[in-house]
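# Coordinate inspection notes
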Amino acid sequence: MVDVILGLQWGDEGKGKIVDYFAKDYDVVARFQGGPNAGHTLYVQDKKVVLHQIPSGVFHANKLNLIGNGVVLDPVTLRKECATVSSFGIDLKKNLFISERTHLILPTHRALDKAAELAKGNDKIGSTLKGIGPTYMDKTGRNGLRVGDLLDKNFTTQYIKLRLKHQKLLDNFQFNEDISSWEEEFFEALEFLRELNIVNGEYFINEQLANGKRVLAEGAQGSMLDIDFGTFPFVTSSNTVSAGVCSGLGVAPQKIRDVFGVTKAYCTRVGSGPFPTELEDETGERLRKIGNEFGATTGRPRRCGWIDLVALNFACMINGVTKIVMTKADVLDAFEELQVCTSYDLNGKQSKQIPFRLEKQKLTPVYEQFKGWNTPTSEVRDFGSLPQTMKEYVAFINQYLGVDVHFISNGPGRDQLIAI
Ligand code: GDP
Ligand code: IMO
Ligand code: MG
């Protein structure tokens, strides 16, 4: 059986912390999409760790972690991350596995990402510049190199061929930064990668399932950044939704049991693109400050706003969410009043649906106002002790979405999670 944890908003919902907490009940934790654009924060022995490529179950001894075929992998990031994880005494030779079908991010993919963003000018996506888009383009364009290719004696020839192709594109963009140092680190990191456990991911995971093992699939980014269902073109380049689990790991749909959807008690977005409930005022600034809303991968300030139930409802529908995890509830502790977006006003017409090309619409969010709880909650460990006003806030969300919040996270620590 496979359970899934994924983001319902525009990323950074706190997936890393939740996966780290849940991992104790599973045998395998597997990433199914995305790459080093992800930044999943967890606390290990009171130390903050941000994972970009390695699944967030890695700090539990005796759990297996798989980087699935749907992921794009930057060997340089992986090598650095492995060094951090190993410094906590984790034996990666024993518990990290990488699918041979996982596509490699080359230095020229990163250069192309940068060149393409620069060329877009004001229309830029706000990419993390980790080479995600160009690598997925080479995957669907049937040009990319995969982890399994590293074991082929012709790897360098294949690399040079692709690099030449990329160089022509870079010349077109008039991109002439020297990336020779990136290439040097890349080839060093490849030597390291060759020594890790490279496996046939789909047989690996299906054998685990056949043996009755429990698998937790960890999503990166969020549903509103999905290549098909997100706010295109301001999205990432993979399927972040639950359907991506099947194609990103090689598991059949009927193997999926629960889909845990993670949402903040409010909402954030980093990078460009539409964000209906964004607060470009003092309240937004307060959310950013109290929530420490700065990107875990790029350090950029995150845009902040109220929770958007129209977008959440859409995400629940696309993912088949069975249980909701609400994070960062403690960030709202000091607010006297809270707003919840329940519909969009589109040129005078109310709608509860996400329109095509959200950014082109003249849209005003319609809010329902709630009283804040105005009490510190981060020390609370049981649902009964939470303020009544928070319970009412949660009950309203449950009723609107038709899916219940099963966990409330009230701090970044592993133990700051309340089951309902
Ligand atoms: P992810 O990408 O979904 O894993 O989320 P990030 O790690 O990018 O961002 C979430 C941030 O919120 C991290 O700094 C977490 O340590 C922090 N965090 C997670 N859950 C909570 C919570 O319930 N309360 C507070 N205050 N911080 C949290
Ligand atoms: P986690 O897993 C938040 C955003 C970028 C940009 C857009 C495209 O930590 O939640 P890309 O680098 O993929 O080409 O960028 O997507 N983005 C994220 N935002 N959290 C993430 O990951 C993100 N990964 C990508 O800011 O707007
Ligand atoms: Mg993040």
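Let us look at the structure shown here. (Residues numbered from 1 in each chain as written. Chains lettered and ligands numbered in written order. Predicted model: local features only at pLDDT ≥ 70, side-chain atom pairs only at ≥ 80, totals over all residues. Heavy atoms only, no water.)

Surrounding the magnesium ion (ligand 3) are the protein donor atoms Asp12 (OD) and Gly39 (O), at 2.1 to 2.2 Å. A residue pair is termed long-range when its members are at least 10 positions apart, and Asp12 in the loop between β1 (2-7) and α1 (15-22) and Gly39 in the loop between β2 (28-31) and β3 (40-44) qualify at 27 residues. Since its relative accessible area comes to 21%, Asp12 is described here as partly exposed. For Gly39, a relative accessible area of 11% puts it in the buried group. (Donors = N, O, S within 2.8 Å, 3.2 Å for Na, K, Ca; no water. Helix = DSSP H or I, 4+ residues; strand = E, 2+ residues; numbered from the N terminus. Buried < 20%, exposed > 50% of the residue type's maximum accessible area, 1.4 Å probe, protein only.)

Before going further, it helps to spend a moment on unusual backbone geometry. For the bond running from Phe232 to Pro233, omega is 5 degrees, close enough to zero to count as cis. For Pro233, the location among the structural elements is in the loop between β10 (215-218) and α9 (243-249).

The element strand β19 (residues 405-409) is largely enclosed, with a buried count of four among its five residues. Pairing between strand β15 (residues 323-327) and β19: three bridges, direction parallel. Within β19, the position partnered with Ile324 by the bridge is Val405. Note: β19 against strand β20 (residues 417-419), three bridges, orientation antiparallel. Paired with Ser409 across the two strands is Leu417, which belongs to β20. (Pairing = 2+ DSSP bridges.)

Another point: helix α6 (residues 155-172). The end-to-end C-alpha distance of α6 is 26 Å, a good match for the 26 Å that 18 residues give at a rise of 1.5 Å each. In the stretch just after α6, Gln174 is the one whose phi turns positive, near 55 degrees. (Expected span 1.5 Å × (residues − 1).)

If you walk through the whole model with that rule in mind, you get 19 salt bridges. In this structure, Arg101 engages Glu202 in a salt bridge whose closest nitrogen and oxygen atoms are separated by 2.6 Å. One end of the pair, Arg101, is in the loop between β7 (96-99) and β8 (103-104); the other, Glu202, is in helix α8 (residues 201-210), with 101 residues separating them in the sequence. The exposure class assigned to Glu202 is buried, which follows from its relative accessible area of 15%. One salt bridge connects Arg303 with Glu278, and the closest N-O pair in it is separated by 2.9 Å. Within this pair, whereas Arg303 is found in strand β13 (residues 303-305), its partner Glu278 is found in the loop between β12 (267-269) and α10 (282-290), the two being separated by 25 residues in sequence. A relative accessible area of 22% places Glu278 in the partly exposed class. Ionic contacts of the salt-bridge type, sharing partners, join the residues Asp12, Lys264, Glu293, Arg302 and Lys328 into one network. (Salt bridge = Lys/Arg side-chain N within 4 Å of Asp/Glu carboxyl O.)

Turning our attention to the site of ligand 1. Close to ligand 1 lie 19 residues; Lys15, Gly16, Thr41, Asp330 and Ser409 are nearest. Here Arg302 contributes a side-chain N or O atom positioned 3.1 Å from an oxygen atom of ligand 1. Burial of ligand 1 by the protein chains amounts to 93% of its free accessible area of 580 Å². Elements supplying a minimum of two residues to the shell around ligand 1: α1 and β3. Here the shell around ligand 1 is composed, by residue class, of four nonpolar, eight polar and seven charged. Both domain 1 (2-100 + 199-260) and domain 3 (264-419) contribute no fewer than three residues apiece to the shell around ligand 1. (Near = heavy atom within 4 Å. Polar contact = N/O pair within 3.5 Å; in protein donor to acceptor, adjacent residues only side chain to side chain. Areas by Shrake-Rupley, 256 points an atom, 1.4 Å probe, with all protein chains shown as cover. Nonpolar A, V, L, I, M, F, W, Y, C, P; charged D, E, K, R; others polar. Domains from an automatic or database assignment.)

Function-wise, these values are silent; they only describe arrangement.
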